[in-house]
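# Report on the structure
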Amino acid sequence: MRPFTLNYAFPRRPSTVVTPYHFDESRQLNVLPDGRPAVSDPDLLLAVGTTTSTAGSQTHFDD
(Lines give C-alpha, C1' and ligand atoms only; values in the text may rest on other atoms or scores of the structure.)
Protein backbone atom coordinates (compact mmCIF):
# COMPACT_ATOMS: atom_id res chain seq x y z
CA MET A 1 0.00 0.00 0.00
CA ARG A 2 1.36 3.43 -0.96
CA PRO A 3 0.95 6.17 1.67
CA PHE A 4 -1.40 8.96 0.52
CA THR A 5 1.15 11.72 1.08
CA LEU A 6 3.61 10.20 -1.38
CA ASN A 7 1.17 11.00 -4.19
CA TYR A 8 2.00 14.67 -3.56
CA ALA A 9 5.56 14.45 -2.27
CA PHE A 10 6.99 12.97 -5.46
CA PRO A 11 5.91 13.90 -9.00
CA ARG A 12 4.68 10.98 -11.07
CA ARG A 13 6.63 11.96 -14.16
CA PRO A 14 9.08 14.75 -14.96
CA SER A 15 7.62 17.98 -16.23
CA THR A 16 8.35 18.77 -19.88
CA VAL A 17 7.64 22.50 -19.68
CA VAL A 18 9.44 24.61 -22.25
CA THR A 19 9.67 28.29 -21.41
CA PRO A 20 9.45 30.64 -24.39
CA TYR A 21 12.07 32.95 -22.89
CA HIS A 22 15.63 32.75 -21.58
CA PHE A 23 17.74 34.73 -19.16
CA ASP A 24 20.07 37.28 -20.74
CA GLU A 25 22.98 37.74 -18.33
CA SER A 26 24.19 40.97 -19.89
CA ARG A 27 20.78 42.66 -19.52
CA GLN A 28 19.78 40.79 -16.33
CA LEU A 29 16.35 40.12 -17.90
CA ASN A 30 14.31 37.25 -19.19
CA VAL A 31 13.99 37.88 -22.93
CA LEU A 32 11.90 36.44 -25.73
CA PRO A 33 13.52 34.91 -28.83
CA ASP A 34 13.10 38.24 -30.68
CA GLY A 35 15.03 40.11 -27.96
CA ARG A 36 12.11 41.86 -26.24
CA PRO A 37 11.86 41.62 -22.44
CA ALA A 38 9.58 38.72 -21.49
CA VAL A 39 7.50 40.97 -19.22
CA SER A 40 6.42 43.01 -22.24
CA ASP A 41 4.32 40.13 -23.65
CA PRO A 42 0.85 40.17 -22.01
CA ASP A 43 -0.14 36.80 -23.52
CA LEU A 44 2.95 35.16 -22.02
CA LEU A 45 2.24 36.69 -18.61
CA LEU A 46 -1.35 35.46 -18.72
CA ALA A 47 -0.18 31.96 -19.63
CA VAL A 48 2.65 31.53 -17.13
CA GLY A 49 1.76 34.07 -14.46
CA THR A 50 5.36 35.16 -13.96
CA THR A 51 8.75 35.24 -15.64
CA THR A 52 10.93 34.88 -12.56
CA SER A 53 14.33 33.32 -12.79
CA THR A 54 16.97 32.20 -10.33
CA ALA A 55 19.24 35.08 -11.23
CA GLY A 56 18.43 37.04 -8.08
CA SER A 57 19.54 34.30 -5.77
CA GLN A 58 22.80 34.00 -7.68
CA THR A 59 23.64 37.68 -7.72
CA HIS A 60 22.24 38.99 -4.42
CA PHE A 61 23.06 37.64 -1.00
CA ASP A 62 19.77 38.79 0.56
CA ASP A 63 17.21 37.18 -1.81
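Everything quoted here is computed from the prediction, not taken from an experiment. (Residues numbered from 1 in each chain as written. Predicted model: local features only at pLDDT ≥ 70, side-chain atom pairs only at ≥ 80, totals over all residues. Heavy atoms only, no water.)

Moving on, we come to the overall build of the protein chain. When helices and strands are counted, the protein chain shows 3 helices and 2 strands. Helices and strands appear in the protein chain in the N-to-C order α-β-β-α-α. By the burial criterion, 16% of the 63 residues in the protein chain qualify as buried. When contacts within the protein chain are restricted to residue pairs at least 6 apart in sequence, long-range pairs at least 24 apart make up 16% of them. (Helix = DSSP H or I, 4+ residues; strand = E, 2+ residues; numbered from the N terminus. Buried < 20%, exposed > 50% of the residue type's maximum accessible area, 1.4 Å probe, protein only. Contact = heavy atoms within 4.5 Å.)

The next subject is the pattern of salt bridges. For the structure on display, the rule yields 1 salt bridge. Note that Arg36 is salt-bridged to Asp34, the shortest N-O span being 2.9 Å. (Salt bridge = Lys/Arg side-chain N within 4 Å of Asp/Glu carboxyl O.)

Further remarks concern the side chain of Asp41. Note on placement: Asp41 falls in the loop between β2 (29-31) and α2 (42-48). One buried charged residue, Asp41, remains without a salt bridge, the closest side chain of opposite sign being Arg36 at 4.2 Å. At a separation of 3.1 Å, a polar atom in the side chain of Asp41 contacts the main-chain amide nitrogen of Asp43. Not counting the four nearest positions on each side in its chain, Asp41 is found in contact with Leu32 and Arg36. (Lys, Arg positive; Asp, Glu negative; His and termini not counted. Polar contact = N/O pair within 3.5 Å; in protein donor to acceptor, adjacent residues only side chain to side chain.)

The phi dihedral of Gln28 falls on the positive side, at around 55°, and the residue is not glycine. Following the sequence through the fold, Gln28 ends up in the loop between β1 (22-24) and β2. Relative accessible area serves as the criterion here: at 44%, Gln28 is assigned to the partly exposed category.

Glancing now at the environment of Pro33. Within the secondary structure, Pro33 is located in the loop between β2 and α2. Given the relative accessible area of 75%, Pro33 is considered exposed.

Interpretation note: all reported values are geometric properties and have no functional meaning in isolation.
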